[in-house]
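# Coordinate inspection notes
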Amino acid sequence: MSGMNGTVQSRSERHSPKLYIIGYAASLVLTAISFVLALTHSMHVGPLVVLLTVLAGLQIIVQLFFFMHVTESEGPPYHVVLLTLGLIFTFAVALMSVWIMAFGTNVSY
Amino acid sequence: MSEALKHFADTYLMWNEGYLIWISDILIVLASIGIVAALTYFKKWKWLWRNWLTTVDHKKIGIMYLLAALLMFFRGGVDALLLRTQLAQPGEHFLSAEHYDQIFTTHGTIMILFMAMPFLFALFNIVVPLQIGARDVAFPYLNAISFWLFFFGAMIFNLSFVFGGSPDAGWTSYPPLTELGFDSGPGENYYLIGVQISGIGSMATGINFIATILKLRAPGMKLMRMPLFTWSTLASCIVIIFAFPALAIALALLTLDRIIGTDFFTMYHGGDPMMFINLFWVWGHPEVYIVVLPAFGVYSEVVATFTRKRIFGYSSMVASLMLIAVISYFVWAHHFFTMGAGADVNTFFAVASMMVGIPTGVKVFNWLFTMFRGRIRTTLPMLWTLGFIPNFAIGGATGIMLAAAPGDYQYHNSYFLIAHFHQMLIGGVVNGMLAGMYYWWPKMFGFTLNERLGKWAFWIFNIGFYICFMPQYALGFEGMQRRMYTYPTDMGWGSLNFVSTIGAYLMGIGFLFIVWQVLYSLRHMEKDTTGDPWDARTLEWSLPSPAPHYNFAVIPTISDRDVWWEAKEHHHTSDLLPKVDQIEDVHMPKNSARPFLLGLSFFVAGFGVIFNWYVLAFVGLAGIAACLIARALEDEEEYVLPAEEIVATEQSLGRV
Amino acid sequence: MKQGVWRRWSAISIVATGAIVLTSGCGSKYFVLHPAGPVGEKELHVILWSAVLTLLVIVPVLMLLAWIVWRYRDRPNNKAKYTPEWSESRLLEIVWWGIPIVIIGILGVYTGKVTFALTQPPEKDAKPLTVYVTSLDWKWLFQYPGQKIATVNYLNIPTGVPINFELTSDAPMNSFWVPSLGGQEYTMPGMATRLWLEADKPGTYYGHGANFTGSGFADMSFHVKAESPAQFNAWVKSVRASAHPLTTAGYKQLRKPSTVGDLTFSSFPPNLFNNTVWAEGGRYMQNSMPSMSSTVSTLGKNRGLTNHSN
Amino acid sequence: MSITPASASHHGRSHGPLEYRDPHQAVKITGFWIFLATDMLLFGCLFATYLVLRTHTDGGPTAAHLFDVPGFTAETFALLTSSFTGGLATLAMRNGNRKWVMIWMVLTMLLGLTFIGLEVQEFVADVGQGATAHRSAFLSAFYTLVGTHGTHVSIGLIWMLLTLIQIARRGLTAKTARKLFVVNLYWHFLDVVWVFIFTIVYLSGVVM
């Protein structure tokens, strides 16, 4: 996770693959947990789906920090703000659409 | 042969549809011949190609956007007058139901997407790089692509009127009415494809200007030193990049329904038309803020300049812009309070919608207190700004009323709603865009517009506006729905509708005065030699009018918020002028024909999809792919503008 | 000089417009402002309160604008104060961030309360009457499941009784709106929504579809006749005795795009409303599908309109 | 000096990752991040549509009937691994090692092709069971969401090929380095989208 201060870190030494290997391992482990939890029907559907979504959320972090170098930038990393806003909006659209389209005052039979 | 020709003419040219079509056909043919003849006679083809069609210069692209916006304003305005003529009295037969439906659809779509959007892109392009001290936008080539996508999208949409038939289900295009079973003509396809193509261009513009503002500011221009128009552009572009994907998806899914027969929004196989409405407004409401935020920026610049005073509460102004941008994303369901979503949903979106009133109210107070203890010059930009405030106050009040969900059950789809959004979009957006046009006109073209004719235009347009739309609030309380092509005599809606139509015609006359004003000023040109005709405050006014194509010979260092005003106050304007020894070679982006060809390919592909002519669609798609691949493999995108040439230009402008 | 003339003219025209609007506003055709039932009244209260609360801000703004523009106009002999650098005031900013927040807070709470109240029957004591509403191209079908009768483009209701409208569409979505009685609700294919209305005063009220549905949309008006319960019952009896039944074939004919006048039917096919809603995967929720889903008639399956060209 | 601001006008720098050394290229990376935020919303809307239409099966095949566990497991593994190899290509680029850039990228593309092949196979099998996009709103939403991701992946493959051609021709310059970095950002992003697809579409579909 180079360049946490928002500027491109200058490194003269060779970049090592350590971060990438950790990231790959983490993504495989997280995926495996998801698959096992889901395919063994280990818990109730509601909490299970929440847990799966949390695990998927962790995978975003893995990709962003271990592979995509999200905090690197020339100058302040404004794109991090935009990505955060975008993530909030993405979840807002998806979840609020479900909420709206559930039609609360529907006639119930 | 003649049978085939007649079939073609009836199906695609709609020769049995009456005199409106014939007149349009003749006008289009005459106009095209006239343009071609004029270009040939004056030997301007090369000039057109080199200077305009292949340009990547943000200033020229801005001017092309402006021209397109004004043309579309005319087209949308004629639509409006046709609608108002039909509604002037009960039981009128000027238009048939089918024609009325088409015209209100094209009126709405054109005014929002092909008038308001290019108008504000025109201002973004012309102003933002100059205001932040940049030589161009971050991605000039992409900027040209944006323009041509908008242009060809608008072309496709406008073509529908004379080739195959216009869309007729409203600019909101709600399914299942827009599905094949109810609407089999090409009109709806025209809507979907035209708006989709220009929407892709809008997304690219949003990305481009965010990158420009965040990355290309002159040294010393901290975020909190940026002019408010640049801030409003940033806010607007943030909303663009997060809202337009929703439109793209809504339109794409409806297109899939119509072209390949999926069941997203049909009445069949579990299709859910309401999901389209949901997605459409995920874009649709933020869209309103996309177009109004830049207008806020214009007002902020204009008010400060023409009261000779620093803008009041700059930080509040910035905070409110950003708050509006974010809240705008959480209010979309107020467009369908009556859809039967739960009371919890309606309450949430009602309160969120009302909350938009807080930052906008703050902005109004800040503008007022900028004027307070200033010196108010009622020039044209200031007049349109002053005209905006009462409009916005009334429109804002009715907006809060509409946001109160139980009230909305009664206003929804009534003329009360029509009056409200026209008050916001004309009083808020059109006023702002015109104020901006007047304000930056000298910077674009190097001459000022005639004030006297402009004042006629202002007063006639604005008085016409109130006469047109105030009665419509009352009509809403009388229970008149939108989109009725006619109404019976016994409802008693006749007199108010008649008054409203008179107002609409006054607005039309006001627009003609603007056209007259421009033509008159072209003949009796009052050249702006100072570069700063308004005694203004921000960086763009330190440049000559019009700005040289590299904008800044030397990028200035910014030390203050109103940098040009402060320099004038403290008599060190020379700090913002280039010094010969500082002028270096500049890499400028090369002109390219590819953005134009890419737009053309989209046009061809879109046309193929609209009529299900798949060979044509394939040809267009191949063109798109070819343009993209050629760009990917391109190496040299820039050329070197030698320092000597810059020095010579600056010397001729008397700046070094 | 010129400016003064402009101002006078604009003032005159604005006053004239206002006068026209107001003088024509005295009659009772302002349905929304003269509700005939408790639902419309509740909504009118929200309308009035929201108007008053926003006026609290709007009126001072407009007065301030006029005063400032007059006081600080750029004239050589203007003696008013000029402070070009004055641009911050913590106190003033707190005032105009604060006041709107308070107003929105009050209005928000009130809006929420009424929004929830409107999902309940307007009156708890009276037994509600259920009416099934189906919007068709371009007409309204009303079914009275309790009375087993049906009407097209008009409906009679008893006064003082809450009416439970259940709404759907067998055509493009529309919106069921009787402005004198209260707000509207969408009618949507594959969905059933509910709207409570009630008439307190007898009378005939204007109703219309409020969501555009194509070329026949302007003709989609209907009227609601509110009369005493006794008169209503007598009307139901006479309909049962005198009108023709609505058959399945008759409904198929009715749902074809056309405009018709008022129609009255002594009966309708059983489960017509439910079948309309449930046809073609309507109501959507597989696991909440009731037992009657198995009885979905062939009506829904073989609809007149085919959607797919291929 | 170019159109980029004066603050960055000294002709690049000698330190820092290669793709950031030319300020002109650095702006393009920022622009691409913004594009990714936009694309995220695009997928957000498709996910919203899928979530809403998930139950609208009209009596046709449901998620639980349709989804083939070994199939999407293999797809997932292929794509996760290709994200890793793509990352290693970026690393090799930063170390200035052109040969390994090419090797890792070719591997990434092969894994991407595998993914596309598996997906096409899955779709063909589903359609063979009568589960076409015309059958129900649920299936329309399913094919569109997963298909849009697949289209993105396919475009990514062509894009990688074009980038490789340029690196082969011109070597690792600031510009080709930026292009490689950007295409890999895109690739990692598609991996994230796939994580949500297997979570929300496949795994949730199998358990519900």
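In case you missed it, the structure is sitting above this.
The notes below deal with the structure included here.

Criteria and cut-off values
Residues numbered from 1 in each chain as written. Chains lettered and ligands numbered in written order. Predicted model: local features only at pLDDT ≥ 70, side-chain atom pairs only at ≥ 80, totals over all residues. Heavy atoms only, no water. Helix = DSSP H or I, 4+ residues; strand = E, 2+ residues; numbered from the N terminus. Contact = heavy atoms within 4.5 Å. Areas by Shrake-Rupley, 256 points an atom, 1.4 Å probe, with all protein chains shown as cover. Pairing = 2+ DSSP bridges. Axes fitted to C-alpha atoms, helices over the stretch in contact; angles between N-to-C directions. Polar contact = N/O pair within 3.5 Å; in protein donor to acceptor, adjacent residues only side chain to side chain. Buried area = accessible area lost by both parts, 1.4 Å probe. Salt bridge = Lys/Arg side-chain N within 4 Å of Asp/Glu carboxyl O. Nonpolar A, V, L, I, M, F, W, Y, C, P; charged D, E, K, R; others polar. Buried < 20%, exposed > 50% of the residue type's maximum accessible area, 1.4 Å probe, protein only.

Looking now at the overall build of chain D. Each helix and strand in chain D was counted, giving 7 helices and 0 strands. If you line up chain D on its principal axes, its C-alpha atoms span 65 × 35 × 25 Å. Across chain D, contacts joining residues at least 24 apart in sequence account for 78% of those joining residues at least 6 apart. By element, 68% of the accessible surface of chain D is carried by carbon and sulfur atoms, the whole surface being about 6200 Å².

For the rest of this paragraph, the subject is the sheet that holds strand E6 (residues 174–178) of chain C. All names here are of chain C. Taking strand neighbours across the sheet as the criterion, the 5 strands line up as E4-E10-E9-E6-E7 in an open arrangement whose pairing is mixed. Pairing within the sheet leaves two strands with one partner each, and these edge strands are strand E4 (154–158) and strand E7 (182–187). Averaged over all adjacent pairs, the angle separating strand axes in this sheet is 20°, with direction ignored. In this structure, E6 lies alongside strand E9 (residues 203–209), joined through 2 bridges in antiparallel fashion. Across the sheet, Phe176 pairs through a bridge with Gly209, a residue of E9.

Our next topic: the sheet that holds strand E8 (residues 193–197) of chain C. Residues and elements named next belong to chain C. The strand order across the open sheet built from 6 strands is E8-E5-E1-E2-E3-E11, with neighbouring strands paired in mixed fashion. Strands at the two margins of the open sheet, each flanked by one partner only, are E8 and strand E11 (263–265). Adjacent strand axes in the sheet meet at a mean angle of 20° when their direction is disregarded. Pairing of strand E2 (residues 139–144) with strand E3 (residues 149–152), which is carried by 4 bridges, proceeds in the antiparallel orientation. Counterpart to Leu141 in the pairing with E3 is Val152. Taken strand by strand, helix H4 (residues 229–242) contacts strand E1 (129–136), E2, E3 and E11, and its axis lies near 95° from that of E3.

By the secondary structure assignment, Asp263 of chain B is in the loop between helix H8 (228–259) and helix H9 (273–307). Of the polar contacts made by the side chain of Asp263 of chain B, one reaches the side chain of Thr266 of chain B; its length is 2.7 Å.

With 21 residues of chain A at the interface, the matching set in chain B holds 27 residues. Summing both partners gives a buried area of about 2000 Å² for chain A against chain B, and 79% of it is carried by carbon and sulfur. Considering only the side of chain A, the residues that lose the most area to chain B are Tyr78, Phe89 and Ile100 of chain A, jointly responsible for 31% of the buried surface there. For the pair chain A and chain B, the interface holds 0 salt bridges. Tallied by class, residues from the side of chain A that touches chain B come to 13 nonpolar, 7 polar and 1 charged.

Take the interface of chain B and chain C next. Taken together, the contacts link 112 residues of chain B with 97 residues of chain C. Summing both sides of the interface, chain B and chain C together bury roughly 9300 Å²; the carbon and sulfur share of this comes to 69%. Of all residues in chain B, Arg373, Arg375 and Gln410 of chain B give up the largest surface area on contact with chain C, accounting jointly for 9% of the area buried on that side. On inspection of chain B and its partner chain C, the count reaches 28 residue pairs in polar contact (both at pLDDT 80 or more). The element best represented in the side of chain B that touches chain C is helix H11 (residues 343–371) of chain B, accounting for 17 residues.

Let us look at the pairing of E4 of chain C. Residues and elements named next belong to chain C. The element E4 is largely enclosed, with a buried count of 5 among its 5 residues. Burial along E4 is two-sided: Tyr154, Asn156 and Pro158 and Leu155 and Ile157, pointing in opposite directions, are all buried. Pairing of E4 with strand E10 (residues 221–227) involves 5 bridges; the strand directions are parallel. When the bridges of E10 are listed, Pro158 appears paired with Glu227.

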